[in-house]
Amino acid sequence: MNVGNVTPPGPASNVGATERDGAGDDEAAPLPATEIDPRLLEVLVCPSTKKPLSFDRERMELISVAAGVAFPIRDGVPIMLMDEARPLDEREIARFKARP
Amino acid sequence: MPPDFNDPDQSDAAFASFGFATVAATEKANLVRDVFDSVAPRYDLMNDLMSAGVHRLWKSTLIDRLAPQPGRRLLDMAGGTGDVAASFLARAKSRKGAQGRPPASAIICDVNDSMLRVGKASTAPAGAAALGAMWVCGDAEQTPLPDASVDLYTISFGIRNVTRIEKALREARRVLRYGGRFLCLEFSQPTVGALRAAYDAYSFNVIPALGEFVTSDRESYVYLVESIRRFPTQERFARMIADAGFRRVGYENLSGGVAAIHFGAKV
């Protein structure tokens, strides 16, 4: 697992990253339309650096510290395009770097 | 003199083809995105009308060649509304002995999130959303997946729209596991002279008119037809795939070369 849980799941979030992993489920359980598929959180990397990402659940962004950008998640679809990514400011980079 | 876009040596040229027009390479991605944003809601219908349903037969042949199995992971690049991924998942599930084995999985990646949105919101019981596909917006030239993370890579009617095809092919090889296979379904060059003439007449006259009628967007379909003509021949594209490092490269013509499936393996 290469995704740091940046924001502790709040009371509104009911999908944990382990909820649908493994267990030999033949049929994926339906997800709320705006929720990101936890299997994607496991596998996605930064398109530019190919380094792991962190999930910022609060802002619904995937953070690439290596590239210094945040990728938006819209309607549950991560937008992994460099030209649609938001540049991180130095304070944010420091904060995400401090995470284990 | 405009650069030859089919020439692999000019892959990093500052210009790219957009249909028959020549545009700055940085612009092509945006122009292609506009085309698909414009036609997204009626894309599947339009494909049916344009090819009289034949594109479904071509895609069915592609699924045959994929030989879907439980436990395999597919990346369908330029996967749009997810029809190829849906067939892959359904076929893997219906295999003998699929019960009790880990299921196949499919990641649908497309540079156009408007196309993904249409597929993801679909409630069709045989659609990719209902079958549990994953949806991600990403670029074939900068694929957001780790090295050696998928077993199969498909791209159907998508490679033609990529700005730097060589770069996309290298990325395809990177994300494949050793033993994994690349399969590309794309319009190609008809191999029979008489067919070519009829096909030219049809595509330059009928398709733009049909596009205008169904999607009110003639220009996007003019682009479509022109971009097909600009695409490398079967042999030349096969060489590009080999140059990207694939082995056991080959192709299979469909409907007399109107389309072709190119393939290669990472070994």
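Conventions used here
- Residues numbered from 1 in each chain as written.
- Chains lettered and ligands numbered in written order.
- Predicted model: local features only at pLDDT ≥ 70, side-chain atom pairs only at ≥ 80, totals over all residues.
- Heavy atoms only, no water.
- pLDDT = per-residue confidence, 0-100.
- Contact = heavy atoms within 4.5 Å.
- Phe/Tyr/Trp six-rings, centres within 6.5 Å; stacked < 30°, edge-to-face > 60°.
- Helix = DSSP H or I, 4+ residues; strand = E, 2+ residues; numbered from the N terminus.
- Buried < 20%, exposed > 50% of the residue type's maximum accessible area, 1.4 Å probe, protein only.
- Pairing = 2+ DSSP bridges.
- Axes fitted to C-alpha atoms, helices over the stretch in contact; angles between N-to-C directions.
- Salt bridge = Lys/Arg side-chain N within 4 Å of Asp/Glu carboxyl O.
- Parallel < 35°, antiparallel > 145°, perpendicular 65-115°, else oblique.
- Left-handed = near helix turned anticlockwise from the far one by under 90°.
- Nonpolar A, V, L, I, M, F, W, Y, C, P; charged D, E, K, R; others polar.

Student: Explain the confidence of the model for chain B here, please?
Tutor: Do not read the fine detail of predicted coordinates wherever pLDDT is low. Residue and element names in this part refer to chain B. When the pLDDT values of chain B are averaged, the result is 87; 93% of them are 70 or greater. Contacts of residues 1–12 to residues separated by more than four positions or lying in other chains number 21 contacts, the stretch itself having pLDDT below 50. ipTM for the predicted complex: 0.83, alongside a pTM of 0.82.

Student: So what exactly am I meant to see when it comes to the packing of aromatic side chains here?
Tutor: We describe a pair of aromatic rings using the distance from one ring centre to the other and the angle between the two ring planes. Residues and elements named next belong to chain B. Overall, the coordinates contain six aromatic pairs over all chains when judged by the stated rule. On the numbers, 6.1 Å between centres and 45 degrees between planes, the contact of Trp-58 with Phe-157 is tilted. In this pair, Trp-58 is assigned in helix α3 (residues 54–66) and Phe-157 in the loop between β6 (150–156) and α6 (165–175), connecting sequence segments 99 residues apart. The same class applies to Trp-58 and to Phe-157, which are both buried. Look at Phe-157 and Phe-187: their rings are 4.8 Å apart centre to centre, the planes differ by 45 degrees, and that puts the pair in the tilted class. Residue Phe-157 is located in the loop between β6 and α6, and its partner Phe-187 is located in strand β7 (residues 176–187); the two are separated by 30 residues in the primary sequence. For the pair Phe-157 and Phe-187, one class covers both residues: buried.

Student: Quick question: what am I supposed to make of the sheet that holds β6(B) here?
Tutor: Each strand in a sheet pairs with another by means of backbone hydrogen bonds, the pair being arranged parallel or else antiparallel. All names here are of chain B. A sheet is described by the order of its strands in space; here seven strands give the open sequence β5-β4-β3-β6-β7-β9-β8, paired in mixed fashion. Each edge of the sheet is formed by a strand with only one pairing partner; in this case those strands are β5 (134–137) and β8 (247–254). The average angle at which neighbouring strand axes cross in this sheet is 15 degrees, direction not considered. Where β6 lies against β7, six bridges are found, and the strand directions are parallel. Following the sheet pairing, Tyr-153 is matched in β7 by Phe-182. Against the sheet, helix α9 (residues 234–243) touches β7, β8 and β9 (259–265), its axis set at about 155 degrees to β8.

Student: Would you mind going over the pattern of salt bridges with me for this structure?
Tutor: According to the stated counting rule, one finds 22 salt bridges over all chains in the structure shown. In this structure, B:Arg174 and B:Asp147 form a salt bridge, with 2.7 Å as the shortest nitrogen-oxygen distance. A residue pair is termed long-range when its members are at least 10 positions apart, and B:Arg174 in helix α6 and B:Asp147 in the loop between β5 and β6 qualify at 27 residues. Given a relative accessible area of 52%, B:Asp147 falls into the exposed group. Between B:Arg174 and B:Glu171 there is a salt bridge, and its shortest N-O distance comes to 2.6 Å. With B:Arg174 and B:Glu171 both in helix α6, this residue pair falls three residues apart, about one helical turn. Considered together, B:Arg174 and B:Glu171 belong to a single accessibility category, that of buried residues. Taken together, the shared-partner salt bridges in this structure form one network comprising A:Arg74, A:Asp75, A:Glu84, B:Asp113 and B:Arg117.

Student: Looking at this structure, I do not really get the environment of B:Ala92. What am I missing?
Tutor: Residue and element names in this part refer to chain B. Relative to the helices and strands, Ala-92 resides in helix α4 (residues 83–93). Residue class for Ala-92 comes out buried when judged on its relative accessible area of 3%. In this structure, the C-alpha to C-alpha distance between Ala-92 and Ala-172, residues 80 residues apart in sequence, is 22 Å. Ignoring sequence-local partners within four residues, the contact set of Ala-92 consists of Pro-68, Gln-69, Pro-70, Ala-98 and Ala-104.

Student: Sorry, what's going on with the packing of α3(B) against α4(B) here?
Tutor: Residues and elements named next belong to chain B. As a packed pair, α3 and α4 sit with axes 10 Å apart at the nearest point and diverge in direction by 45 degrees. On the basis of their axis angle, the class for α3 and α4 is oblique. Between α3 and α4 lies a crossing whose hand is right-handed. Each of Lys-59, Ser-60, Leu-62, Ile-63, Asp-64 and Leu-66 in α3 lies in contact with α4, whose residues at this interface are Asp-83, Val-84, Ser-87, Phe-88 and Arg-91. Residues that form the contact of α3 with α4 fall into these classes: five nonpolar, two polar and four charged.

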